[in-house]
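# Per-entry structural report
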Amino acid sequence: MRNVIKVSALALSLVAAAASAQGVRTEKNISLELANQIAAATVAACTANGYAVGVTVVDRAGTVRAVQRADNAGPHTLAASLQKAFTSASAKNTTLAMMEGAQKNPGAANLTDIPGFLLLGGGVPVKVGNDTIGAVGVGGAPGGHLDEACAVAALDKVKDQLK
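An account of the accompanying structure is given in this report. What you are looking at is a predicted structure, and each value in this text was computed from that prediction instead of being measured.

Together, Val 64, Val 67 and Leu 82 line one region of the surface with nonpolar side chains, adding up to about 220 Å² of accessible area. Mapping Leu 82 onto the fold places it in helix 3 (residues 76–91). Judged by relative accessible area, Leu 82 falls into the partly exposed class, the value being 34%.

Here is the structure:
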């Protein structure tokens, strides 16, 4: 009987230790320096193509880390870039892919009802391996696919830091 109690106590302590180890998580997230580099590179990529844009970079939780608005970019570009970045970080997908999915699948059309979501091209997740550590949102180019292209070009410039 005494051995049963000892074994039971040991088993319970192991279960408790395993449960407490699952209570704390370590997550990768985007730094302010990297967010600023991505924002600047995105504005530069769009400017090189003649587009005046607003850019917002958010962390993995969708919280703003960096914002830039190019000279002559419309005031609406900042709100659009924020919503695209938030949507991309939250869904861990590009907003262009989400928009196309919603257009093809009536069941996904109500994604636009989620507060803060904007299903227009221009939101791109920032990933380290399979982990989404943030997202960049771009607004102001004459088409969401062009907004997305600027974000992708910027992420390509910092790809060595995303390992």
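Right, picking up where we left off after that structure.
All right, on to the sheet that holds strand 4 (residues 131–139) then. A sheet is described by the order of its strands in space; here 4 strands give the open sequence 2-1-4-3, paired in antiparallel fashion. Every other strand in the sheet has two partners, leaving strand 2 (64–69) and strand 3 (123–128) as the edge strands with one partner each. Adjacent strand axes in the sheet meet at a mean angle of 15 degrees when their direction is disregarded. Sheet topology places strand 1 (residues 54–59) next to strand 4; 6 bridges connect them, and they run antiparallel. Counted as the bridge partner of Asp 59 is Gly 134 from strand 4. The strands touched by helix 5 (residues 144–157) are strand 3 and strand 4; relative to strand 3, the strand with the most contacts, the crossing angle is about 20 degrees.

This paragraph deals with the packing of helix 2 (residues 32–48) against helix 5. Two elements in contact, helix 2 and helix 5, have axes whose closest approach is 8 Å; the angle formed by their N-to-C orientations is 130 degrees. Comparing the axis directions of helix 2 and helix 5 gives the class oblique. Note on packing geometry: the crossing formed by helix 2 with helix 5 is right-handed. Mapping the contact onto sequence places Ile 38, Ala 41, Thr 42, Ala 45 and Cys 46 in helix 2 and Cys 150, Ala 151, Ala 153, Ala 154, Leu 155 and Lys 157 in helix 5.

One finds Ile 30, Ile 38, Val 55, Val 57, Val 136, Leu 155 and Leu 162 to be the most contacted residues of the largest nonpolar core, which totals 27 residues. Elements with a contribution of two residues or more to this core: helix 2, strand 1, strand 3, strand 4 and helix 5. Excluding its chain neighbours within four sequence positions, the residues that come into contact with Val 55 are Ala 39, Thr 42, Val 43, Ala 66, Val 67, Gln 68, Leu 78, Ser 81, Val 136, Gly 137 and Val 138. Residues Met 99, Ala 102, Phe 117 and Leu 119 belong to the second largest nonpolar core, which totals 7 residues.

Quick look at the side chain of Ser 88 now. Structurally, Ser 88 can be placed in helix 3. In this structure Ser 88 comes out as buried when scored by relative accessible area, which is 0%. In terms of polar contacts, Ser 88 uses its side chain to reach the backbone carbonyl oxygen of Asn 93, at 2.8 Å. A polar contact of 3.4 Å, which involves the side chain of Ser 88, links it to the backbone nitrogen of Val 124. Ignoring sequence-local partners within four residues, the contact set of Ser 88 consists of Asn 93, Thr 94, Thr 95, Gly 123, Val 124, Pro 125 and Ala 135.

Conventions and cut-offs
Numbers given to residues run from 1 along each chain, matching the order in which its sequence is written. The model is predicted, so local features are restricted to residues of pLDDT at least 70 and side-chain atom pairs to those at 80 or more, both for listing and for counting; the totals for chains, interfaces and linings are taken over all residues. Side-chain measures here rest on the full set of heavy atoms in the structure, leaving out hydrogens and waters. Patch definition: residues with relative accessible area over 30% and no salt bridge; like charges joined within 9 Å; nonpolar side chains (Val, Leu, Ile, Met, Phe, Trp, Tyr) joined within 5 Å. Here the Shrake-Rupley method, with its probe set to 1.4 Å, supplies the accessible areas, and only the displayed protein chains count as covering residues. Counted as salt bridges are all cases of a side-chain nitrogen of Lys or Arg within 4 Å of a carboxyl oxygen of Asp or Glu. Strands are runs of DSSP state E lasting at least two residues, helices are runs of H or I lasting at least four, and both sets are numbered from the N terminus onward. Only protein chains enter the accessibility calculation, which uses a 1.4 Å probe; a residue whose area is less than 20% of its type maximum is buried, one above 50% is exposed, and one in between is partly exposed. Only strands joined by at least two bridges in the DSSP assignment are considered to pair. Whenever a helix is involved, its axis is fitted only over the stretch in contact; in every case the axis is a line through C-alpha atoms, and angles between N-to-C directions fall within 0 to 180 degrees. Residue contacts follow a heavy-atom distance rule, with two residues in contact if any of their heavy atoms lie within 4.5 Å. Convention used here: angles under 35 degrees read as roughly parallel, angles over 145 as roughly antiparallel, angles from 65 to 115 as roughly perpendicular, and any remaining angle as oblique. For any pair of crossing helices, the crossing counts as left-handed if the nearer helix is rotated counterclockwise from the farther one by less than a right angle, and right-handed if it is rotated clockwise. The definition of a nonpolar core used throughout is a set of buried Ala, Val, Leu, Ile, Met, Phe, Trp, Tyr and Cys residues joined through side-chain atoms within 4.5 Å. Polar contact criterion, stated in full: a pair of N or O atoms within 3.5 Å, where within protein one must be able to donate a hydrogen and the other to accept it, and residues adjacent in sequence count only if both atoms are side-chain atoms.

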